[in-house]
Amino acid sequence: MAKFGTIITTPDGPSVSSFSFVIQSGNVKKGQFVSVKTEEGVLIGTIKNIYKTNRYFESAGAVREYDKAGELYSAFPVKEWEYTIAETKALGVYGKDGLLNRPSFPPSPGMVVTDIDPKLLNKFLGLDQERGLDLGTVQQQKLRAKFNLTKMLQKHMAILAISGAGKSYATSVLIEELLSRSPKQGRVALLVIDNHGEYIGFEKDPKLKNKVQVIDGDDIKIAANRLSEKGIAAMLPRMSAVQVRDLGKIISYLREEKEAYSISDIINALKEDENISKATKEALVGWLSELQSMRLFSTSEWPNIENMMRQGHMVVINLKKILNLKKKQIIVNHLSRKLFNLRKQGIVPPYLEIIEEAHNFCPEGKRAEAALSRGIIELLAREGRKFYANLCLISQRPIQLSTTALSQCNTQMVLKVTNPYDLDHIAKSSESITRSTLDMISTLKVGEALMVGEATNYPVFIKVRKRRTKESHGKKLEDFAILYEKKLGSKLAKGEDFL
Amino acid sequence: MEKTIKTVAKRIKHLSQKREILSHVLKKSDKKKITKFKVPIKKIDLDNLTICGVDGGFLKKEYHGAGIMLRRAVGACFRYEKNKLANVAYIPSIKPIPEPIIVGPEFSDMEFGQLASLKRVEKELLVTIVTIKKKDPDVVVLDGSIVPYPSNIPDKDSDVYCTYKYVLKLFRKLYQLCTKKKILLVGAVEDSRGCRYCKVLLKKAVPSLLKADIPKKFKTKIKENKDILNNTTDTLFLYYLLDVGERTAAISYTSKENIPGSKGLKKWTKAIHAIYIKAVPFDRPLRLDFLATKNIEKTADKIASIIWQISKHNRLYSYPSVLIEADARAKLTESEIAHFKAALNEKLGRNPSLFDLRREMRPF
């Protein structure tokens, strides 16, 4: 292993929890894992901070004076005094028994700090080089960031970052990995709630097109005759118990009378019923009319969720064209609930539901009527694990995402986040994120991510690998503006022709 | 307390004023070229020049039955090209391992102090000689004088005397080597308390000025304030007398006075001289001792030019850069002697010889 440096004494160390070393060689970077052979075994540490020191620059007054003459470098061997010190946090010791223990005795000053053996690091981080999901490389190390499927997904996952930090890209890499798995490796079915049509490109990829089905949100239909009064009440949370009971009577009547019926049939039956009070009738008709205007409900259901969920395959629900958030939430609520029930019955395979812009579907602190899908997402977060119904929530505003749901996402992939409230929220939702790790999150570059939680034994920064499938980049703002103006110009020209 | 402070401040101010007035009058007289107290330093470029600074690091600690000394010295050799530092080399190395010296309880406190000082000088001289042999420099600058300090001279019947004799031998060897190789040997005295230059002014310059054709008011001022020359160090007075970029005339180290220990230098006694240079505006003049057997003023000119050039980078502090670097490399910390003692303890166990002195281990 390459030698990085030698442990030095500082006012606080070396101690059992931290040590510093003077860097002598090698490309040593912040966040890198290092090892030291001690009496206890192989000590593993991670570099928390790197700083430089030079005695010629210690006195502000002297530096100012010498700088005035502009002669500091020509008068003194300044560079000879520059030392680079790495402050390192001790993480654990692999003893002779091969087991990881907490360090109980500090390394000695003078001990040699070296690069870490990739095999040992793999073991330390709990990565799975054989069957893991290859998301990229562990930063500063020659080690693939391959995370075990079960550890990463079974207790749910969250992907958090500001807009443009590479959330969708990282999610696409995750999807590629999941779709590329062989039956021997263990495969799950995928349902992606695609708010902006970012994943529809998979359908055109030559390698994956046979494994991907894109469903346009506008085409989705919910069979009204399959909805109970409670199902409708979930979409209309303001309904009172009396109103639910009266609606139930109407639904029972319609089920006896017809095999298939629509929302308009319910409305008509309500209007004709003389036993329901006028006030209840008016309220129910109003709300049902609102549902009807969404053009989401029909006499039959589409698509057939039972048939579309297959292991190693992905269904993308493209909600790009739907502007009404309530309608989107009803779709997510309907599909998620139905899928979960089918999973519980063992009718559909184990699956991962990826929800983009999850804060829109599972918001924190909003009233029930503005969070129609929150209940099922929180239920999945709490109970899905037991039934192999797994969640992956993606959000650019973690603080607006349900704390209940986020705290159940035991693996978090955090890309760049700068908002201090969001950072605070992330820290609160994961106990393994320290202050210094949090500071690093705000300085991550696009494509760099912190993996924390169940998937890894210790928070680790990774560089997300390149996609193997074709990217569907949006146009640049300038290019789009030019194109739009051209289109506008041609429209006007056609208008003038009419005049 | 306030009254005392006022009295002390008044006294200091009075003495400073006397120095300032006298130096002012001497400067005016000097302009009339009646006599030469100070000389402008010629600016030179440091090109193709190797200057080595040698300094030592030294620690001593007394224990119940032994004394431990740690010493090392470093020669920092700066190679200048086109007035810029081109490269640097260190003799014997960039950070030599300190050399321990253990002494028994047979030395008195005074002897232990003298031995320590001599051992330090001894190490510096040994490294200087090696530096000269290895680097063949143009100039060698030592930290401190280039003669033994009078306070370091032991009694002839002292156990330390042999060390002193050896140090004298090393000094002579150094002079010989520098003369042979035509190396300028300079000692930069960091905080000189010397007063020889003021004595020379009082004995020679002042009487000649009083006899010379200078305005009467000058003579009056000189008479009123000349006594300050008996009551000042050279650097305190020269702070007023010298302007930046000026040096004093060279004075002989021994002159006609019998300087303690100078006899030990044998034939070299008369070759030791001193000048003061004012390198920067807000620091005291720097005393430079140097070796010159002939062309004393010419040598002083050359030395002043070179040392000024490497000491003028900071308006508040003038000291040769080679010595700043050598000092930084050679300096020892208290912890180093503690580490050495700990290593000894490990071998010896709880040995009474290494008990700390009671005065240093009060329990409360």
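Residues numbered from 1 in each chain as written. Chains lettered and ligands numbered in written order. Predicted model: local features only at pLDDT ≥ 70, side-chain atom pairs only at ≥ 80, totals over all residues. Heavy atoms only, no water.

1. Describing the overall build of chain A
For the record, the criterion: By definition, any uninterrupted DSSP run of H or I lasting at least four residues is a helix, any uninterrupted run of E lasting at least two residues is a strand, and each is numbered from the N terminus. For every residue, the accessible area obtained with a 1.4 Å probe (protein chains only) is divided by the maximum for its type, and the residue is called buried under 20%, exposed over 50%, and partly exposed between those limits. Should any heavy atoms of two residues lie within 4.5 Å, those residues are considered in contact. Surface exposure here means Shrake-Rupley accessible area, sampled with a 1.4 Å probe, where a residue is shielded only by the protein chains that are shown.
On a plain count of helices and strands, chain A comes out with 17 helices and 20 strands. Principal axes of the C-alpha set define a box for chain A whose edges measure 100 × 70 × 45 Å. Within chain A, buried positions represent 51% of all 499 residues. Long-range pairs, those at least 24 residues apart, make up 72% of the contacts in chain A between residues at least 6 apart in sequence. Carbon and sulfur atoms make up 50% of the accessible area of chain A, which totals about 24500 Å².

2. A word on helix α9 (residues 278-293) of chain A
Residue and element names in this part refer to chain A. Selection criterion: Every helix has an expected span of 1.5 Å times one less than the residues it contains.
When the terminal C-alpha atoms of α9 are compared, their 22 Å separation across 16 residues agrees well with the 22 Å that a helix rising 1.5 Å per residue should span. Buried within α9 are the following residues: Thr280, Lys281, Leu284, Val285, Trp287, Leu288 and Leu291. Of the surrounding secondary structure, the elements contacted by the buried residues of α9 are α6 (229-235), α7 (241-257), α8 (263-272), β14 (297-298) and α11 (325-344). Once α9 ends, the next one or two residues include arginine 295, with phi positive near 55°.

3. Focus: unusual backbone geometry
Of the consecutive residues A:Gly13 and A:Pro14, the connecting peptide bond is found in the cis state with omega at 10°. Relative to the assigned elements, A:Pro14 resides in the loop between β1 (3-8) and β2 (18-23). Residue B:Pro92 is bonded to the preceding B:Ile91 through a cis peptide linkage, with omega at 0°. By the element assignment, B:Pro92 lies in the loop between β4 (84-91) and β5 (99-103). Positive phi, normally seen in glycine, also occurs at A:Arg295, with a value near 55°. A positive phi angle, close to 45°, is found at B:Asp136, a residue other than glycine.

4. Comments concerning the pairing of strand β6 (residues 139-143) of chain B
All names here are of chain B. For clarity, the threshold we go by: At least two bridges found by DSSP between two strands is the condition for calling them paired.
By the criterion of burial, β6 is predominantly enclosed, with five of the five residues buried. Residues Val139, Val141 and Asp143 line one face of β6 and the alternating positions Val140 and Leu142 line the opposite face, and both faces are buried. Strand direction decides the pairing type here: strand β2 (residues 49-62) and β6, joined by four bridges, are parallel. Residue cysteine 52 lies in a different strand from β6, and its bridge partner there is valine 140. Relative to strand β7 (residues 184-189), β6 is paired through five bridges, and the arrangement is parallel. Pairing of valine 139 across the sheet is with leucine 184, part of β7.

5. Overview of the domain arrangement of chain B
Put simply, the rule is: Note that the domain bounds reflect an automated or database-derived domain assignment.
Domain parsing of chain B yields domain 1 (2-33 + 195-232) and domain 2 (49-194 + 243-334). A C-alpha centroid distance of 32 Å is found between domain 1 of chain B and domain 2 of chain B.

6. What about the environment of A:Lys466?
All names here are of chain A. Inspection of the secondary structure puts lysine 466 in the loop between β20 (460-464) and α17 (477-498). By relative accessible area, which is 71% here, lysine 466 ends up exposed. For lysine 466 and leucine 135, which are 331 residues apart along the polypeptide, the C-alpha to C-alpha distance reads 8.8 Å.

7. Remarks on a nonpolar patch on the surface
All names here are of chain A. Put simply, the rule is: Patches were defined on residues exceeding 30% relative accessible area and lacking a salt bridge, with like-charge contacts within 9 Å and nonpolar side-chain contacts (Val, Leu, Ile, Met, Phe, Trp, Tyr) within 5 Å. Here, a salt bridge means any side-chain nitrogen of Lys or Arg that lies within 4 Å of a carboxyl oxygen of Asp or Glu.
Taken together, the side chains of Phe480, Tyr484 and Leu488 present a nonpolar region at the surface, about 340 Å² in accessible area. Tracing the backbone through its elements, the reader meets tyrosine 484 in helix α17. Assessed through its relative accessible area of 52%, tyrosine 484 is described here as exposed.

8. Points about the environment of A:Ser172
All names here are of chain A. Within the secondary structure, serine 172 is located in helix α5 (residues 167-179). Overall, serine 172 belongs to the buried group, its relative accessible area being 2%. Taking the C-alpha atoms as reference points, serine 172 and arginine 468, separated by 296 residues in sequence, lie 9.4 Å from one another.

9. Let's talk about a negative patch on the surface
Put simply, the test is: Charge counting treats Lys and Arg as positive and Asp and Glu as negative, with His and both chain ends excluded. Charge coordinates come from a single atom per side chain, which is NZ of Lys, CZ of Arg, CG of Asp or CD of Glu.
Judged by side-chain charge, B:Glu106, B:Asp155, B:Asp157 and B:Asp159 come together as a negatively charged surface patch. Here B:Asp159 lies in the loop between β6 and α3 (161-181).

10. Some points on the sheet that holds β20(A)
Residue and element names in this part refer to chain A. Applied cut-off: Note on geometry: axes are lines fitted to C-alpha atoms, helical ones only across the stretch in contact, with angles between N-to-C directions running from 0 to 180 degrees.
Pairing is mixed across the open sheet formed by 11 strands, whose spatial order is β9-β8-β20-β19-β18-β10-β17-β16-β11-β15-β12. The open sheet has two edge strands with one neighbour each: β9 (144-147) and β12 (212-216). Recorded for the sheet is a direction-independent mean angle of 25° between the axes of neighbouring strands. As paired elements, strand β16 (residues 351-355) and strand β17 (residues 389-395) share five bridges and run parallel to each other. Bridged to glutamate 353 within β17 is leucine 391. Across the sheet, α5 is in contact with β8 (133-138), β10 (157-160), β11 (189-194), β12, β15 (314-318), β16, β17, β18 (411-414) and β20; its angle to β8 comes to roughly 130°.

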